[in-house]
Amino acid sequence: MSNFSDFQLGVYLEGILGQAPTMPFTFSELEAQAQEAVVPDLWDYVAGGAGDEHTQQGNVAAFERLGIRPRMLVGAGQRDQSVDLFGMSLPSPVFMAPIGVLGVLSSDGHGDIAAAKAAAATGVPLVGSTLMQDPLEEVAANLGQTPGMFQLYTPNDRELAVSLISRAESAGYRALVVTLDTWTLGYRPRDLRHGTFPQLGGAGLANYTSDEVFLRRLPAERRDDPAAAVEQWAGVFGNPTLSWADLDWLRGSTSLPLILKGICAAEDVRQARDAGVDGIYCSNHGGRQAASAPALTFLPEVVAAAGDLPVLFDSGVRSGVDIVKALALGATAVGIGRPYGYGAALGATDGIVHVLKSLLAEMDLTMALNGYASITELHPDILLPVP
Ligand SMILES: Cc1cc2nc3c(=O)[nH]c(=O)nc-3n(C[C@H](O)[C@H](O)[C@H](O)COP(=O)(O)O)c2cc1C
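Because the structure is a prediction, the values reported are computed rather than measured.

**Focus on the packing of aromatic side chains**
Right, so step 1: Applying the stated criterion to the full structure yields 10 aromatic pairs.
Right, so step 2: The interplanar angle of 90° and the centroid separation of 5.3 Å between the aromatic rings of Tyr45 and Phe197 together place this pair among those described as edge-to-face. With Tyr45 in helix α3 (residues 40-47) and Phe197 in the loop between α9 (189-194) and α10 (206-209), this residue pair connects regions lying 152 residues apart in the sequence. Phe197 shares its class with Tyr45; the two are buried.
Right, so step 3: An aromatic cluster is built from Tyr153, Tyr208, Phe214, Trp233 and Phe237, whose rings are joined through pairwise contacts.
Right, so step 4: Geometry around Tyr45 places Arg288 over its ring, the cationic atom sitting 4.8 Å from the centre.
Right, so step 5: Sitting above the plane of the Phe27 ring, Arg318 keeps its charged end 4.7 Å from the centroid.

Below you can see the structure in the form of structure tokens.
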């Protein structure tokens, strides 16, 4: 049982000692300060999304439209947010969602390692992206005692896919999250306006350029040529023909728990279950891929179809209150996306730790003050629509 709200007390104690906080405590301030810290095209890549961006705005608005029914005098003085997920004992049901440009977004240029260190410091697991700035083995070496998960963008080259998966297994990642919604890129006007895309500039390709299979595909004389790596990456990254028929192969290629990310429909959950997956990850990729899939609205149907399978959720979580609402709608664990990325932009590991501790403290206090001592008490009927 962790007292995440102690973080707030710590801030006040430091204040008494004359140490004023340097990091923000609301998402809007975090966002504004992060924007100052990041060059405009990278900022637009991270903050922007698909089309008119109504989907990502809708993700946030969907949380705002829900209220929590408060209960008094029910003894919520101690809270228990611990959860068992795929054999991992976690102090909270919160994790860091994969962010492909974390490496360059971070103020130290090594954001994946910064996030791994933040995971070690907070117990919040990291789902490391395929698109890392440092190889997945080096990232795993910084996770401390906190388990990590590896996210796979399945390349159109099966040997390369298997190589990445087996490297993740050997490096000690505890689950494989396969992202299904990014077999090609969403329509992103902000990136189009700049005419830039980070990976095409070479960002986040360390897992490819450290991979024997990937390197073997490059002509010998171009193995050290970054432009050749980018060309090769652009050719293998997406897999438009990946289908449910390939799930048997994916399932058979790893002994790790297998989780499918990007599921928003009950019928897809049923297919995933039939394919023997271990978890469902309901997400609309933060409104960056398919526009207009309201992930939070779909969460209850996904949870119902998932039965006893754990359901991970992300998209639009901006506060500890949002975490509680997603849990009440049936999520087993809740992913933080842009907020911790912005923390990385402000202060690498320290920035991420600050964001995570703030979110955990707010989650804890939301449960405390609304009278819910355990996440097992969070059900849909504690929520009500707010006009
Ligand atoms: C800059 C950025 C990069 C991302 N890269 C990845 C990625 O490499 N793999 C992946 O599965 N999802 C990726 N995502 C999606 C996140 O995992 C998550 O679904 C999303 O950020 C949730 O929305 P939110 O940030 O608005 O809360 C990325 C999101 C952002 C903002």
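**Focus: the side chain of Asn239**
Right, so step 1: Tracing the sequence through the fold places Asn239 in the loop between α12 (226-236) and α13 (247-252).
Right, so step 2: Residue Asn239 is classed as buried on the basis of its relative accessible area, which comes to 11%.
Right, so step 3: From its side chain, Asn239 meets the backbone oxygen of Pro155 in a polar contact 3.4 Å long.
Right, so step 4: Here Asn239 is in contact with Thr154, Pro155, Asn156 and Trp183, once residues within four sequence places are set aside.

**Side note on the sheet that holds strand β11 (residues 333-336)**
Right, so step 1: Taken in spatial order, the eight strands make up an open sheet running β4-β11-β10-β9-β8-β7-β6-β5, and their pairing is parallel. Of all the strands in the sheet, just β4 (94-96) and β5 (127-128) have a single pairing partner and so form its edges.
Right, so step 2: As defined by bridge partners, strand β7 (residues 176-179) adjoins strand β8 (residues 258-261) across four bridges and the pair is classed as parallel. For Val177, the partnering residue across the bridge sits in β8 and is Ile259.

**Comments concerning the site of the ligand**
Right, so step 1: Close to the ligand lie 23 residues, the nearest being Pro98, Ser129, Thr179, Arg318 and Arg338.
Right, so step 2: In the environment of the ligand, an oxygen atom lies 2.7 Å from a nitrogen or oxygen atom belonging to the side chain of Thr179.
Right, so step 3: Against a free-state accessible area of 600 Å², the protein chains account for coverage of 99% of the ligand.
Right, so step 4: Tallied by class, the residues present in the shell around the ligand amount to eight nonpolar, 10 polar and five charged.

**Things to note about α12**
Right, so step 1: Among all positions in α12, only Ala228, Ala229, Val230, Gln232, Trp233 and Val236 are buried.
Right, so step 2: Where α12 is buried, its residues meet α8 (158-171), α10 and α11 (212-216).
Right, so step 3: In this structure Asp225 caps α12, since a side-chain oxygen of it lies 2.9 Å from the backbone nitrogen of Ala227.

**Details of the nonpolar core**
For soluble globular proteins, nonpolar side chains are generally found buried alongside one another.
Right, so step 1: Membership of the largest hydrophobic core comes to 124 residues, with the highest contact counts inside it found for Ile280, Phe313 and Tyr340.
Right, so step 2: Considering each element in turn, this core owes the most residues, 13 residues, to helix α17 (residues 338-370).

**Notes on the environment of Arg216**
Right, so step 1: By secondary structure assignment, the location of Arg216 is in helix α11.
Right, so step 2: The class for Arg216 is partly exposed, based on a relative accessible area of 48%.
Right, so step 3: With residues near it in sequence (within four places) discarded, Arg216 still touches Glu159 and Arg223.

**Things to note about the pairing of strand β9 (residues 279-282)**
Right, so step 1: Side chains Gly279 and Tyr281 of β9 all project onto a buried face; the interleaved residues Ile280 and Cys282 project onto the opposite face, where all are buried too.
Right, so step 2: Where β8 lies against β9, three bridges are found, and the strand directions are parallel. Across the sheet, the residue bridging to Leu260 is Ile280, located in β9.
Right, so step 3: The parallel pair β8 and β9, bridged by helix α14 (residues 266-274), forms a crossover whose chirality is right-handed.
Right, so step 4: Of the pairings in the sheet, the one linking β9 to strand β10 (residues 311-313) comprises three bridges and is parallel in character. Paired with Cys282 across the bridge in β10 is Phe313.

**Side note on the state of the cysteines**
Right, so step 1: According to the stated counting rule, one finds zero disulfides in the structure shown.
Right, so step 2: Not engaged in a disulfide, the cysteine Cys264 finds its nearest cysteine sulfur in Cys282; these two sulfurs lie 4.3 Å apart.
Right, so step 3: Note on Cys264: relative accessible area 12%, which makes it buried.

Cut-offs used in this document
Residues numbered from 1 in each chain as written. Predicted model: local features only at pLDDT ≥ 70, side-chain atom pairs only at ≥ 80, totals over all residues. Heavy atoms only, no water. Phe/Tyr/Trp six-rings, centres within 6.5 Å; stacked < 30°, edge-to-face > 60°. Helix = DSSP H or I, 4+ residues; strand = E, 2+ residues; numbered from the N terminus. Buried < 20%, exposed > 50% of the residue type's maximum accessible area, 1.4 Å probe, protein only. Lys NZ or Arg CZ within 6 Å of the ring centre and 35° of its normal. Polar contact = N/O pair within 3.5 Å; in protein donor to acceptor, adjacent residues only side chain to side chain. Contact = heavy atoms within 4.5 Å. Pairing = 2+ DSSP bridges. Near = heavy atom within 4 Å. Areas by Shrake-Rupley, 256 points an atom, 1.4 Å probe, with all protein chains shown as cover. Nonpolar A, V, L, I, M, F, W, Y, C, P; charged D, E, K, R; others polar. Core = buried A, V, L, I, M, F, W, Y, C linked by side-chain atoms within 4.5 Å. Right-handed = clockwise from strand over helix to strand, strands pointing away. Disulfide = S-S within 2.5 Å.

Take it as geometry only, folks, not as evidence of what the structure does.
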